[in-house]
Amino acid sequence: DHEGIKNENIYNGADDNASGIGALLAFADYLQKNTPQYSIILAAFDAEELGLEGAKYFISNAIVPLERIKLNINMDMISRNAKNQLYVAGTVYNDYLKSVISNFLTPTKPQLLMGHDGKDGLQNWTHTGDHSPFHLKNIPFLYFGVEDHKDYHKPTDDFENINPEFYKSAVQTILNVFSHMDKLNL
């Protein structure tokens, strides 16, 4: 689910988005040890770079009625950021999510920030990832990601360039948000 091969260059996509898949596996491990209150669907969508095709297909062929999907959590590009900042987009569309996430905003590493929703002067991520088809069906979303870096969509987006400490902390932060939200009445 990345750029593939272009002009004989391999685009491995370590951050975009092998990091999200690694986090999804961490979620699977967490859920195996911690029974959630709600049913959870772990999904890895293909063809995001080709127009969100995998997520669109899921929405059009959902395995559960869409009204039963209470929240979409998307993790895309979460393994490196020079400023130790992890953004969460989607809260501007849902006051409840905004109030929940505001409890997690902290100056610690990684610094979790709300933004990139099209209302703050930053690049608008609302329709740039697999959460977009959910948003278009009025399903609340939280999109966790980092701002673009010098290896974004380049063949240099390799494993050697991720920041393991930032990545582990980012995944733990997202798991903490998930764990807290699972205890709430959505």
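For the structure itself, consult the block above.
Now for a description of the structure that goes with this document. (Residues numbered from 1 in each chain as written. Predicted model: local features only at pLDDT ≥ 70, side-chain atom pairs only at ≥ 80, totals over all residues. Heavy atoms only, no water.)

It is worth spelling out the overall build of the chain at this point. A tally of regular secondary structure across the chain gives 5 helices and 6 strands. Traced from its N-terminal end to its C-terminal end, the chain shows the element sequence β-β-α-α-β-β-α-β-α-β-α. Against the 2.2 N^0.38 benchmark of 16 Å for 186 residues, the chain shows a C-alpha radius of gyration of 16 Å, consistent with a compact globule. The long-range share in the chain, meaning contacts at least 24 apart out of those at least 6 apart in sequence, stands at 78%. Of the accessible surface of the chain, which amounts to about 10000 Å², a share of 51% is contributed by carbon and sulfur atoms. Across the chain, the 15 positively charged side chains and the 24 negatively charged ones have centroids separated by 6 Å. (Helix = DSSP H or I, 4+ residues; strand = E, 2+ residues; numbered from the N terminus. Rg over C-alpha atoms; globule rule 2.2 N^0.38 Å. Contact = heavy atoms within 4.5 Å. Areas by Shrake-Rupley, 256 points an atom, 1.4 Å probe, with all protein chains shown as cover. Lys, Arg positive; Asp, Glu negative; His and termini not counted. Charge placed at Lys NZ, Arg CZ, Asp CG, Glu CD.)

Now for helix α3 (residues 95-102). Buried residues of α3: Leu-97, Val-100 and Ile-101, and no others. Along the axis of α3, the buried positions cluster into a sector of 95°, meaning they face one direction only. Turning to α3, the residues buried within the fold contact β4 (85-89), β5 (111-114), β6 (141-145) and α5 (164-182). Two or three places before Tyr-96, at the start of α3, stands the capping residue Asn-94, its side-chain oxygen 3.0 Å from that residue's backbone nitrogen. (Buried < 20%, exposed > 50% of the residue type's maximum accessible area, 1.4 Å probe, protein only. Arc of directions from axis to C-beta. Polar contact = N/O pair within 3.5 Å; in protein donor to acceptor, adjacent residues only side chain to side chain.)

Moving on: the sheet that holds β6. One open sheet holds the 4 strands; their spatial order is β3-β6-β4-β5, and the pairing between them is mixed. Among the strands making up the open sheet, the edge pair consists of β3 (72-75) and β5. Averaged over all pairs of adjacent strands, the angle between their axes in this sheet comes to 20°, without regard to strand direction. For β3 and β6, the ladder comprises 4 bridges, and the chain directions are parallel. Bridging from a neighbouring strand, Asn-74 pairs with Tyr-143 of β6. Taken strand by strand, α3 contacts β4, β5 and β6, and its axis lies near 160° from that of β5. Across the sheet, α5 is in contact with β3, β4, β5 and β6; its angle to β4 comes to roughly 35°. (Pairing = 2+ DSSP bridges. Axes fitted to C-alpha atoms, helices over the stretch in contact; angles between N-to-C directions.)

Here we come to the pattern of salt bridges. For side chains of opposite charge, pairing can occur when their charged atoms come near one another. Per the counting criterion, the structure on display carries 5 salt bridges. Put simply, Arg-80 and Asp-151 hold a salt bridge, and the shortest N to O gap is 2.7 Å. Here Arg-80 is found in the loop between β3 and β4, whereas its partner Asp-151 is found in the loop between β6 and α5, with 71 residues between them in sequence. Classification of Asp-151 as buried rests on a relative accessible area of 2%. In the salt-bridge network here, residues are joined through shared partners; they are Arg-80, Lys-150 and Asp-151. (Salt bridge = Lys/Arg side-chain N within 4 Å of Asp/Glu carboxyl O.)

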